[in-house]
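Structural characterization, general
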Amino acid sequence: MKVPPLPSDRNATGRTFDEQERAYLMQVMDSGTLICTSGTHAKAFEEDLAKVFGAKFALSCSSGSAAVHTAVAAVDPEPGDEIITTPITDMGALTAILYQGAIPIFADVDPVTLNVTPETIRARITPRTKAIIATHLFGNPCDMDGILAIAQQHDLPVIEDAAQALLAKVGDKYTGTIGNIGCFSLQQSKHITTGEGGFILVQKEELRRRMFLFINKAWPYNEPNPDHEFLAPNYRMTDLQGAVGRGQIAKLHDVVAKRQASAARFVEELADIDGLTLPKAAQGSVHAFWKMPLIIDSSKIDGGVDAVSAKLNAMGVMNAPHYVKKPAYQCRIFAERRTFGNSQFPWSYREQQDGTKIVYDDADFPGAIQGLRDVLVLNWNELYTDSHVSALISAVREACR
Ligand SMILES: Cc1ncc(COP(=O)(O)O)c(C=O)c1O
């Protein structure tokens, strides 16, 4: 069988920009003010974001990577301090840690959800741990109760990376509003997009101010006696992005609801395939279905992920076998410590400080290795019709045969 082309988030087939985005964009153009410090749209977008997510404050910024960097900077680690995170994520969420002089310490993940587990986070905590990053992969929330309990015990802030999990929920709270700081991406492939872009949600004024400063070269706009207070980049989005964001945020509930409805049908209709595990949120949580990760058991489905991937490709279904392919610590940046010149900072600095050698060893990551071996990721989109979903269901059934 051949599956007809599916709506794609890479272009207009799977993205919705309408009169609303156009009207806001024209307002920015006509105003002649494209910068968010004097424009009105990025500010209005932030107000919309805070309302939609039920957060006290929202800050817009230039990317999801910038959002995570800003959150890490708000925690203000000393060089050589440790931040616990996941080995299965976008590299932008990890370079954020290194740019602040801190060392990423990887927890292991559950091999089915690929989310970090509370037990492995607990095992990685040391006196130098400064924060925990919980990344809600593919739109499925982490075990936030477990993670928050550990964080409270050790008095550590929790940064949620909800770049892939807009309007996912744990209980009655949206991911990104459960920990101390929530980070989001508005890059082209996310639930809603401004091309590039990101935002941060936070409840405490002190953290909000520090993060606002970090996004703005540490310049406290509108305060008396301003000064550049500390080292900080320019991570602002433009008012053009703010304008598009305002149009997009109004569509978010609908985007997520449509993804959830079509995903529910897909998951239900394929539930009988032996050796195929479909995504499922934990009891009391809600999945936002950024992507559709399938776990394939090679002892039951011949050839495992690679065979299924090849068959899906032959049927015209784009898919990502093994997702990011390898745990982040195997990438050259970590394996060869390629950071600032030949310094190997911050690992080398830490070794000089107290002799601690941070070693990333496959033996500590059985969950990540198994999860990446067994996962095949399908794109998901709010514009999938019933017939698209029917075709996908038939294709996956055929590929798993
Ligand atoms: C979990 C996660 N964190 C952070 C990022 C970085 O976001 P951006 O690409 O907007 O910099 C991404 C982007 O794909 C992501 O998936």
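Let us look at the structure shown here. (Residues numbered from 1 in each chain as written. Predicted model: local features only at pLDDT ≥ 70, side-chain atom pairs only at ≥ 80, totals over all residues. Heavy atoms only, no water.)

**Quick notes on helix α13 (residues 366-374)**
Going by this rule: Classification of residues uses two cut-offs on accessible area relative to the type maximum, computed with a 1.4 Å probe and protein chains only: under 20% is buried, over 50% is exposed, and between them is partly exposed. Counting from the N terminus, the helices are the DSSP runs of H or I reaching at least four residues and the strands are the DSSP runs of E reaching at least two. We call two residues in contact whenever any of their non-hydrogen atoms come within 4.5 Å of each other.
Three or more residues of α13 are buried, namely G367, A368, G371, L372 and D374. Contacts from the buried residues of α13 go to β12 (291-296), α10 (304-314) and β14 (375-379).

**Quick look at empty space enclosed by the protein**
Our working rule: Grid spacing is 1 Å over the protein atoms alone, the probe is 1.4 Å, and a cavity is where that probe fits but cannot get out, while a pocket is an open set with protein on both sides within 12 Å along at least five of seven lines and lining residues have an atom within 4 Å of a point. Grid points are joined across faces, edges and corners, and a volume is the space filled by probe spheres set on the points. Gly is placed with the polar residues, together with every amino acid not listed as nonpolar (Ala, Val, Leu, Ile, Met, Phe, Trp, Tyr, Cys and Pro) or charged (Asp, Glu, Lys and Arg).
Under the defined criterion, the tally for this structure stands at one cavity of 30 Å³ or more. Estimated volume of the largest cavity: approximately 50 Å³. Together, G14, R15, T16, H191, I192, Q248, K251, V255 and E382 line the largest cavity. Each residue belonging to the lining of the largest cavity can be placed in one class, and the counts come to two nonpolar, four polar and three charged.

**Describing the packing of α10 against helix α14 (residues 386-399)**
Just so we agree on the cut-off: As a rule, the C-alpha atoms of each element are fitted with a line to give its axis, helices using only the stretch in contact, and angles between N-to-C directions run from 0 to 180 degrees. Comment on the angle field: the value is read as roughly parallel under 35 degrees, roughly antiparallel over 145, roughly perpendicular from 65 to 115, and oblique elsewhere. Crossings are classed by handedness, with left-handed meaning an anticlockwise turn of the near helix from the far one by less than a right angle and right-handed meaning a clockwise turn.
Following both chains from N to C, one finds α10 and α14 inclined at 135°, their axes separated by 9 Å at the closest point. Classed by the angle they form, the pair α10 and α14 counts as oblique. Seen from above, α10 lies across α14 with right-handed handedness. On α14, the residues that touch V308, K311 and L312 of α10 are A395, V396, E398 and A399. For the contact of α10 with α14, the class distribution of residues is five nonpolar, no polar and two charged.

**Overview of the site of the ligand**
Quick note on the threshold: Note on definitions. A residue lies near a molecule or strand when any single heavy atom of the residue is within 4 Å of it. A 3.5 Å cut-off defines polar contacts: any pair of N or O atoms within that distance qualifies, except that in protein one atom must be a possible hydrogen donor and the other a possible acceptor, and neighbouring residues in sequence count only when both atoms are side-chain atoms. The way we define it, a molecule is inside a pocket or cavity when more than half of its atoms are within 2 Å of that pocket's grid points.
Around the ligand sit 14 residues, and of these G64, S65, D161, S185 and K190 come closest. A distance of 2.6 Å separates an oxygen atom of the ligand from a polar side-chain atom of S65. Within the contact set of the ligand, an oxygen atom lies 2.7 Å away from a side-chain nitrogen or oxygen of K190. Taking a 2 Å distance to the grid points as the criterion, the majority of the atoms of the ligand fall inside the largest pocket. Each residue belonging to the shell around the ligand can be placed in one class, and the counts come to two nonpolar, nine polar and three charged.

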